[in-house]
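# Tertiary structure, described
Chain by chain, the residues run as shown.
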Amino acid sequence: MKKFFGKVKDWFKRHKPSKRRLIQLYAALLYNANIKGFLSGSIYKGGSKYLCVPGLNCYSCPGAVGACPLGALQNALAASGTRAPTYVFGIIILFGLILGRTICGFLCPVGLGQELLYKIKTPKLKKSRYTRIFSYLKYVILLVLVVAIPLMYAQVLPVPGFCKYICPAGTFGGALGLLVHPENADMFGMLGPLFTWKFVLLAAFCVASVFIFRFFCRFFCPLGALYGFFNRFALIGVKLDKNKCTDCGLCVAHCKMDVKRVGDHECINCGECISVCPAKALSWKGSKLFIRENTVDPVPAEEAKPLGALLKGGSAQTAIEEPAAAAGGVVLTEVETAPAEAVRLPETVQTENTADSGSCAAAKPKKKLGRGFWLQFAAWAAALALLLGALLYYNVFAESGKRYTEGNQVGDLCADFTLDKLGKEGEFALSETRGKVVIINFWATWCGPCVAELPHFEELYRKYSEELEVIAVDSGNETASAVLPFLEARGWLDYGISFAMDEEGEDGMNLFRRLGGTDSLPMTVVLDREGVIVYNSIGSVTYEKLEEIVTPCL
């Protein structure tokens, strides 16, 4: 039994996670601290969602408590118009200047997932000059999908190119994270060729990551490309002491990324190269701020013995180094030794042995806990307190993920509401529409299916304008100043249907939430002439479907 437990102990020693792995797991859990979002099948939309996390983590993931910097950048560029998105630029620059691609190595959940997949025992594809060339693809993706496409279509249809066509974090965390919940079964009707493409792409990334280290990070991630620009200037990262470096190349050979040298734009600052450097030329930037170097106190000049004293007889044997003039090497010349008391050792290395030789306590002085230990202890304690606080807040106190469907389901009388019209004078008051059929469509400028179906509502309104009222309510957390130019560019301000911005009511909820909205758009609600809800569903609708729903109520 003792032998068995010994083997178990040895196994845990060999497989215990490194500090970097613990930090990666910590970051993934902190980014997705809203655990109850996975249980309710909805996403958190509280105040912290206005803040960007450093790594790649989808906004629409049920557990996400912050925004993705890449998604925020694309949405900001699409809605910027003539104004620069200073907040998003500022936060990315701040992250870059402090951490650079250390974020990729320590704080990115997508990077963690790829590293775990790479641990599966299979033949691996090693890096080469071809992978080095291919690694520049992410800079093309950054320029085209993240910057160019959102700016090109900003006045027509906001298109977050990378999030829409490639991002595996959005497919896995956002789409699949919501679709697996039974409450979101109606979302399957919204899926189309685009989702199929992204799902296939996600599967390809996962399979490739088994054989190629950090496949997505190295070749496709534009966030890593952004942070790579700051690697040279970041306050934290791996640095090289050129005075100690012997150009042996072990650091680059050991690295699994496509680096040419330590700390370049491809380096994720994982720190694994530090231990393989024989010259100890690699270290962490900023380490002197937290760790004091162990130095030996110099011997005072008046107490030091001259060389002549060492050359006289004694009991200790030494060697002195003399330069070899011809070869430029070092010759060790044995000389006679001086008495033991003639050689004074620094106090930091002196030991007193006043006890008997058999006394272990006297031979081995008690080790004191240094400054570095207490700094690490304080850092881990603070990090643990932050994580526990976040888990407690988002899962106990925050009102995230709650479904507000009571009293607003099919067959219920819809509560009265009033919204200011966009681009027109006056208000849309439900109480003034009694006797008419009312369609309430919830949409957003960034929602492709929403934008595609809005002309169907206008067509239906023109056909039944005397008996029908339609209001399209923007529920995309946008501002009127961003939505109005969008409507004007498409000519929708001339529509007969009304447009409005969703507003928070006295109960602290907006109309979308009061009518049972969760986190998916578009959503359509149809009220009969008495104001009773006859249809309430998430997903796109065709003109034929709308007419089929409305006609019996007319």
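So, about the pattern of salt bridges. All chains considered together, the criterion is met by 13 salt bridges. The partner of Arg101 in a salt bridge is Glu266, with the nearest N and O atoms 3.8 Å apart. Linking Arg101 in the loop between α5 (86-99) and α6 (102-106) with Glu266 in the loop between α15 (250-254) and β2 (282-284), this pair joins segments that are 165 residues apart in sequence. With respect to burial, Arg101 and Glu266 carry one shared label: buried.

Under the criterion given, the structure shown has 1 disulfide. Through a disulfide, Cys447 is tied to Cys450; the S-S separation comes to 2.4 Å. Judged by the sign of its S-S torsion, about 75°, the cystine formed by Cys447 and Cys450 is right-handed. Across the pair, exposure class does not vary: Cys447 and Cys450 are buried alike. Cys277 takes part in no disulfide bond, and the closest cysteine sulfur, belonging to Cys248, lies 5.9 Å away. According to the relative accessible area criterion, Cys277 is buried, its value standing at 11%.

Taken together, Met1, Phe4, Phe5, Val8, Trp11 and Phe12 make up a surface patch of nonpolar side chains, about 700 Å² in accessible area. Along the chain, Phe4 turns up in helix α1 (residues 2-15).

With that settled, the discussion passes to the side chain of Ser42. You can see Ser42 is positioned in the loop between α3 (36-40) and α4 (69-80). There is a polar contact of 3.0 Å between the side chain of Ser42 and the side chain of Ser40.

Time to look at the confidence of the model for the protein. Chain-level pLDDT for the protein is 82 on average; 80% of the residues reach the 70-or-more range. Throughout residues 301-357 the model reports pLDDT below 50, and contacts reaching past four residues in sequence, or to other chains, amount to 56 contacts. Note on residues 400-407: pLDDT under 50 across the span, and 23 contacts to partners over four residues away in sequence or across chains.

Here we come to helix α20 (residues 480-490). Val483, Phe486 and Leu487 are the residues of α20 that are buried. Within α20, the buried residues cover an arc of 95° as seen down the axis, which keeps them to one side. Of the exposed residues in α20, those oriented more than 90 degrees away from the buried face are Ser481 and Glu488. Each element contacted by the buried residues of α20 is listed here: β7 (437-443), α19 (448-463), β8 (468-474) and β9 (498-501). Of the residues flanking the end of α20, it is Gly491, one or two places downstream, whose phi is positive at about 75°.

Now for the packing of aromatic side chains. Scanning the entire structure with this criterion turns up 27 aromatic pairs. Ring geometry for Trp374 versus Phe377: centroids 5.9 Å apart, planes at 80°, classification edge-to-face. Of the two residues, Trp374 and Phe377 both sit in helix α18 (residues 371-397), 3 residues apart, roughly one turn of that helix. Pairing Trp443 with Trp492 gives two aromatic rings, centres 6.1 Å apart and planes at 65°, and the pair type is edge-to-face. With Trp443 in strand β7 and Trp492 in the loop between α20 and β9, the pair connects residues that are 49 residues apart, well separated along the chain. Each residue in the set Phe134, Phe162, Phe205, Phe215, Phe216, Phe219 and Phe220 is aromatic and connected to the rest through ring pairs, giving one cluster. Positioned above the aromatic ring of Phe213, the side-chain terminus of Lys256 is 5.4 Å from the ring centre.

About the thresholds
Position numbers for residues count from 1 along each chain, tracking the sequence in the order it is written. With pLDDT at 70 or above as the cut-off, local features in this predicted model cover only qualifying residues; side-chain atom pairs require 80 or more to be listed or tallied, and sums for whole chains, interfaces and linings still use all residues. The basis for every side-chain value is the complete set of heavy atoms in the structure, and neither hydrogens nor water enter the calculation. The salt bridge definition used is simple: a Lys or Arg side-chain nitrogen within 4 Å of an Asp or Glu carboxyl oxygen. Counting from the N terminus, the helices are DSSP H or I runs at least four residues long and the strands are E runs at least two residues long. Residue burial is assigned from relative accessible area. The probe radius is 1.4 Å, only protein chains are included, and a residue is buried under 20% of its type maximum, exposed over 50%, and partly exposed in between. A pair of sulfur atoms, both from cysteines and within 2.5 Å, is called a disulfide here. Patch construction takes residues with relative accessible area above 30% that form no salt bridge. Like charges are linked within 9 Å, and nonpolar side chains (Val, Leu, Ile, Met, Phe, Trp, Tyr) are linked within 5 Å. All accessible-area figures derive from a Shrake-Rupley calculation using a 1.4 Å probe, and residue coverage is judged against the displayed protein chains alone. The term polar contact refers here to a pair of N or O atoms within 3.5 Å; inside protein, the definition further demands a hydrogen-donor-capable atom paired with an acceptor-capable atom, and it admits residues adjacent in sequence only when both atoms are side-chain atoms. Values of pLDDT, ranging from 0 to 100, describe the predictor's confidence in every residue of the model. What makes two residues a contact is simply this: any of their non-hydrogen atoms within 4.5 Å. Within this analysis, the arc is defined by the directions that extend from the helix axis to the C-beta atoms. Each pair of aromatic rings taken from Phe, Tyr and Trp, with Trp reduced to its six-membered ring, is defined by centres within 6.5 Å and is described as stacked if the planes are under 30 degrees apart, edge-to-face if over 60, and tilted in the remaining cases. Only lysine NZ and arginine CZ atoms are considered, and such an atom sits over a ring when it is within 6 Å of the ring centre and within 35 degrees of the ring normal.

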